[in-house]
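As a plain string of letters, each chain reads:
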Amino acid sequence: MNPQAKLLSITSLFLGSTITITSNHWIMAWTGLEINTLAILPLISKSHHPRAIEAATKYFLVQAAASALLLFSSMTNAWYTGQWDITQLTHPTSCLLLTTAISIKLGLVPFHFWFPEVLQGTSLTTGLLLATALKFPPITLLLLTSSSLNPTLLTIMAVASTALGGWAGLNQTQTRKILAFSSISHLGWMAIILVYNPKLTLITFYLYCLMTIPIFLTLDTIKTLKLTTMSTAWTKIPPLTATLMLMLLSLAGLPPLTGFLPKWLIIQELTKQEMTPTATIIALLSLLGLFFYLRLAYCATITLPPNSINHMKQWQTNKSTKMFITTFITLSIMLLPLSPMIFTTS
């Protein structure tokens, strides 16, 4: 891809996200989301592979439909209340339409079908943007309107997302699809607590990004797209592949690691809100995700191929990439001891 075109796309992504996050008017928020959609399309289709073109087309159609719904929701609210302010969304129909629009943009169940397919058709670096950076503006809009949203609807969608993210990921062999279903499952955890504690949703999203970024970068460094190639990838950079297991277990939410913190806080908050059955259900459903994370970890570090490939170990990688990955690996594994500080700031 042309470096100037790449720079323009990435700059537009930053611009679109900034416009949406900082705006308090629905039209400006919608404009930012549209800039984001148009900026990511060249990055999705840059390989010119038919699957990449298909992914870009699917992404464009889905995001255009969601943007139209969002605009219709804000116009309906303005028609009835005379308010274009994002925080003044009070009309019930507008709230329902907004929940639907943002759910489509994020990939929450039952509007999740596009996300695994689009992620499968792109490179790992573009997939990383789709799974993290491009979810921030829609989540910001949900946070700003959280007081107006229907808690029952969000709880049903959240539990369904966690369940489907776990079930559908069980029989996948492509790492990008596994990470897509992992993202859907984590979105369920964010959505379930949104109405009761919006700050906790934001903390969960930040920690999810911290854990997902190094996994995508590691898989991109060792050039692994399938489980079958993952079992032979450990010979390339053994230390990196060894830490991949810890990152995956952190994403699963096992106790000594960073990923345990958001799940612990959400279950604690749900219990305070007298939603113990919901907390129990969502905690049990996260075990489904744990199974495929363990399978990934098993393939990455514990499996020994029958015939090891004879090639030079790739000890030296790009220094800037190495520092970047190392920083995120440390944060994704060892952030749990900082939880008292997070409690005090939130």
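Per-chain numbering applies: the sequence of each chain, read as written, is numbered from 1 onward. This being a predicted model, a pLDDT of at least 70 is required before a residue's local features are given, and a value of 80 or more before pairs of side-chain atoms are given or counted; all residues contribute to the totals for chains, interfaces and linings. For the side-chain quantities, the full set of heavy atoms in the structure was used; hydrogens and water were omitted.

1. So, the overall build of the protein
The number of helices and strands found in the protein is 16 helices and zero strands. The quantity called the radius of gyration is restricted to C-alpha atoms. Its globule counterpart is 2.2 Å times the number of residues to the power 0.38. For the protein, the C-alpha radius of gyration of 20 Å lies close to 20 Å, the compact-globule estimate for 346 residues. The C-alpha extent of the protein, read off along each of the three principal axes, is 70 × 50 × 35 Å. Relative accessibility under 20% of the residue-type maximum defines a buried residue, over 50% an exposed one, and the middle range a partly exposed one, all with a 1.4 Å probe and only protein chains included. Residues counted as buried form 53% of the 346 residues belonging to the protein. In this description, contact between two residues means that some pair of their heavy atoms is separated by no more than 4.5 Å. Considering only residue pairs separated by 6 or more positions, the protein has 77% of its internal contacts joining residues 24 or more positions apart. Total accessible area on the protein is roughly 15,500 Å²; 70% of this is exposed by carbon and sulfur atoms. Put simply, DSSP marks the helices as runs of H or I at least four residues long and the strands as runs of E at least two long, and each gets a number from the N terminus on. The Shrake-Rupley method, run with a 1.4 Å probe, gives the accessible areas here. Residue values count only the displayed protein chains as cover.

2. Observations regarding the UniProt feature "transmembrane region" (unreviewed entry) in the protein
UniProt positions are given in the numbering used here, feature names are shortened, and annotations may be inferred rather than shown by experiment. Mapped onto this structure's residue numbering, the UniProt feature "transmembrane region" (unreviewed entry) falls at residues 56–76, 96–115, 152–171, 178–196, 202–219, 240–261, 281–304 and 324–343. End C-alpha atoms of residues 152–171 are separated by 30 Å, and the span's content is 90% helix alongside 0% strand. Measuring from the first to the last C-alpha atom of residues 240–261 gives 24 Å, for a span that is 68% helix and 0% strand.

3. Describing empty space enclosed by the protein
In this approach, a probe sized like a water molecule rolls over the atoms, and the result shows the empty space that is left. A 1.4 Å probe that fits into a set of points on a 1 Å grid over the protein atoms alone but cannot get out defines a cavity; an open set with protein on both sides within 12 Å along at least five of seven lines defines a pocket, and lining residues are those with an atom within 4 Å of a point. Grid points are joined across faces, edges and corners, and a volume is the space filled by probe spheres set on the points. Enumeration according to the criterion identifies five cavities of 30 Å³ or more in this entry. In terms of lining residues, the largest cavity is bounded by Leu33, Asn36, Thr37, Tyr59, Gln63, Lys105, Trp114, Leu130, Leu134, Lys135, Pro137 and Pro138. Elements with a contribution of two residues or more to the lining of the largest cavity: helix H2 (26–44), helix H3 (50–81) and helix H7 (136–144). It is H2 that provides the largest number of residues to the lining of the largest cavity, a total of three residues. When the residues that make up the lining of the largest cavity are grouped by side-chain class, the tally is seven nonpolar, three polar and two charged. For this scheme, ten residues count as nonpolar: Ala, Val, Leu, Ile, Met, Phe, Trp, Tyr, Cys and Pro. Four count as charged, namely Asp, Glu, Lys and Arg, and the remainder, Gly too, count as polar.

4. What to know about H7
Of all nine residues in H7, seven are buried; the element is thus mostly enclosed. Those residues of H7 not exposed but buried are Pro137, Pro138, Ile139, Thr140, Leu141, Leu142 and Leu143. Where H7 is buried, its residues meet helix H1 (3–22), H2, H3, helix H4 (92–106), helix H9 (175–193) and helix H10 (198–221).

5. Focus: the environment of Thr241
Structurally, the position occupied by Thr241 is in helix H12 (residues 238–252). Of the residues examined, Thr241 reaches a relative accessible area of 1% and is grouped as buried. It is 8.9 Å that separates the C-alpha atoms of Thr241 and Leu219, two residues lying 22 residues apart in sequence. The residues touching Thr241, leaving out its near neighbours within four places in the chain, are Ile222, Ala233, Trp234, Ala300 and Thr301.

6. Some thoughts on the UniProt feature "domain: NADH:quinone oxidoreductase/Mrp antiporter transmembrane" (unreviewed entry) in the protein
Sequence positions flagged by UniProt for "domain: NADH:quinone oxidoreductase/Mrp antiporter transmembrane" (unreviewed entry) are, in local numbering, residues 23–287. The annotated region residues 23–287 carries 75% helix and 0% strand content, and the separation between its end C-alpha atoms amounts to 39 Å.

7. Considering a nonpolar patch on the surface
Distance thresholds for patches are 9 Å for like charges and 5 Å for nonpolar side chains (Val, Leu, Ile, Met, Phe, Trp, Tyr), applied to residues having over 30% relative accessible area and no salt bridge. Put simply, a salt bridge is a Lys or Arg side-chain nitrogen that is within 4 Å of an Asp or Glu carboxyl oxygen. Nonpolar side chains collect at one region of the surface, where Leu38, Phe60 and Leu61 lie side by side and expose about 300 Å² of accessible area between them. Along the chain, Leu38 falls in helix H2.

8. Let's talk about the nonpolar core
Put simply, a nonpolar core is a bunch of buried Ala, Val, Leu, Ile, Met, Phe, Trp, Tyr and Cys residues held in one set by side-chain atoms that sit within 4.5 Å of each other. Judged by nonpolar contacts, the single largest core of 105 residues is most densely connected at Tyr59 and Leu130. In terms of residue count, the dominant contributor to this core is H10 (13 residues). Boundary definitions for the domains trace back to an automatic or database domain assignment. Formed jointly, this core draws a minimum of three residues from each of two domains, domain 1 (1–124) and domain 2 (150–307 + 320–345). Here Tyr59 is in contact with Thr37, Ile40, Leu41, Ile44, Trp114, Val118, Leu130 and Leu134, once residues within four sequence places are set aside.

9. A few points about the packing of H9 against helix H13 (residues 260–272)
Inter-axis angles, ranging from 0 to 180 degrees, are taken between N-to-C directions of lines fitted to C-alpha atoms, where helices are fitted over the stretch in contact. It is at 10 Å that the axes of H9 and H13 come closest, and there the two elements cross at 35°. Pair H9 / H13 crosses with left-handed handedness. Counted together, His186, Trp189, Ile192 and Ile193 of H9 and Lys263, Ile266, Ile267, Glu269 and Leu270 of H13 form the full contact between these two elements. Counted by class, the contact of H9 with H13 contains six nonpolar, one polar and two charged residues. Note: crossing handedness is left-handed where the near helix turns anticlockwise from the far helix by less than a right angle, and right-handed where it turns clockwise.

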